[in-house]
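A structural walkthrough
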Amino acid sequence: MTGLQEKQDIRKMSVDQLKGWMTEHGEKAFRAKQIYEWIWKKSANSFAEMTNLSLATRQLIDEHFVIHAMDVAKQQQSNDGTIKSAFRLFDGNLVEGVLIPAADRMTACVSSQVGCSLTCKFCATGYMDRKRNLEAGEIYDQVVAIARQAEYSFKAPLTNIVYMGMGEPLLNYVNVLKSIEHITSPEGLNMSPRRITVSTAGIAKMIKKLGDDEVRFRLALSLHAANDEKRNQIMPINESNSLDNLAEALNYFYDKTGNRITFEYIVFNNFNDTLQDAKELWEFTKRVPARVNIIEYNPIAEAEFTNTGADKLDKFAAYLEDRGVSVHVRRSRGKDIDAACGQLANKEKAV
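Residues numbered from 1 in each chain as written. Predicted model: local features only at pLDDT ≥ 70, side-chain atom pairs only at ≥ 80, totals over all residues. Heavy atoms only, no water.

The condition that has to hold: UniProt positions are given in the numbering used here, feature names are shortened, and annotations may be inferred rather than shown by experiment.
Per an unreviewed UniProt entry, the chain goes by Probable dual-specificity RNA methyltransferase RlmN and derives from Dyadobacter luteus. The record in UniProt for the chain states the following under Subcellular location (unreviewed entry): "Cytoplasm". Quoted verbatim from the Sequence similarities (unreviewed entry) field of UniProt, the annotation for the chain is "Belongs to the radical SAM superfamily. RlmN family."

Some words on unusual backbone geometry
What counts here: Working definition: helices are DSSP H or I runs of at least four residues, strands are E runs of at least two. Numbering for both runs from the N terminus. The cut-offs for exposure are 20% and 50% of the maximum accessible area for each residue type, with area from a 1.4 Å probe on protein chains only; residues under the lower value are buried, those over the upper are exposed, and the others partly exposed.
Positive phi values are uncommon outside glycine, yet H224 reaches one of about 65 degrees. As for its placement among the helices and strands, H224 is situated in the loop between β11 (218-222) and α7 (228-234). With a relative accessible area of 3%, H224 lands in the buried category. Phi is positive for N270, close to 60 degrees, though the residue is something other than glycine. With respect to the helices and strands, the residue N270 is situated in the loop between β12 (261-267) and α9 (275-285).

A word on the domain arrangement of the chain
Convention followed: Boundaries between domains were set according to an automatic or database domain assignment. The buried area of a pairing is the accessible area, by a 1.4 Å probe, that goes missing from both parts when the two are put together, added over both. The rule for a salt bridge is simple: a side-chain nitrogen of Lys or Arg has to be within 4 Å of a carboxyl oxygen of Asp or Glu. Here a polar contact is taken to be a pair of N or O atoms separated by no more than 3.5 Å, where protein atoms must pair a possible hydrogen donor with a possible acceptor and residues adjacent in sequence count only if both atoms sit in side chains.
Assigned domains within the chain: domain 1 (13-66) and domain 2 (71-337). The distance between the C-alpha centroids of domain 1 and domain 2 comes to 35 Å. Regarding the contact of domain 1 and domain 2, the summed buried area is about 670 Å², with carbon and sulfur atoms giving 52% of it. Across the domain 1-domain 2 interface, the total number found is zero salt bridges. One can count four residue pairs in polar contact (both at pLDDT 80 or more) joining domain 1 with domain 2.

Section: the pairing of β12
Defined as follows: For two strands to be treated as a pair, DSSP must find at least two bridges joining them.
Buried residues dominate β12, accounting for seven of its seven residues. The alternating pattern of β12 places I261, F263, Y265 and V267 on one face and T262, E264 and I266 on the opposite face, and all of these are buried. Direction of pairing for β11 relative to β12: parallel, over a ladder of four bridges. Within β12, the residue paired with L221 across the bridge is F263. The pairing of β12 with strand β13 (residues 290-296) spans seven bridges and is classified as parallel. Directly across from F263, in β13, lies its bridge partner V292.

Shown next, in the form of structure tokens:
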């Protein structure tokens, strides 16, 4: 019998590769399209579910292939409706996904890596080692699971996806784009790419590659400070990707795609929450066409940062709005659960 470790992950195969394999093994080529539909449109987790294939065909592919399905290791629901899940992967690793419900939308926040290598000082994932990149199918599975949570808990469809969970998406470039392809394809989940946002800590050369590839999804930069000295302190990636380099790359991306850019800016108490900080952010928005999401901080045990006061946050936002910046204040969600990136996975790993 073929061992599990020798079986090929069928979700890594293109439909053309699968067609070739099927014909080599005496099957009709169109069976590959049926299998592909089960995998990417119907989100099948096993070959037994593929009921329009004969039992013999199902046994054949089961002998040679595997679907590395994940399961929910733990789920927490906040008083505000936010649902945080720790997903256990086939190799035992954990990643996180979050459903963020609102009156007008249901948003999935998904992970792209197991852990992270960027060591941002305010992020729980930054205190974890990067174990590996997620495969496209593992990212897709998070979206499917969270969409089911939205339907079950809120009787509403998933409307938006943000790649803003564990990991740096642009350091898992191929799998992230492949997952988006399956999520947006009519042969997949058929979601609009305009409903997808990929958030990066800022890797200039990969932002330019997104522009060269003329992606159709939206891009967000986790900025959090608009001067290099402060940004270096909290985001070591800035030492090799300065704000000047990022501004150049973001403008290149915008010129190539026309896609809206968002600056994510967490306000930390007595660090980046003064009107001088707001002035620097305003000046940076004049260099790159972008809107600004100001975000309340969700404190973590590993870091000493705390959220700024409501009065300072409101003044910060008003300073930008008065100067014509498109600003959205994103209030912290899931304060009563482990909602910050990496918190739940860290806790589950320790159990």
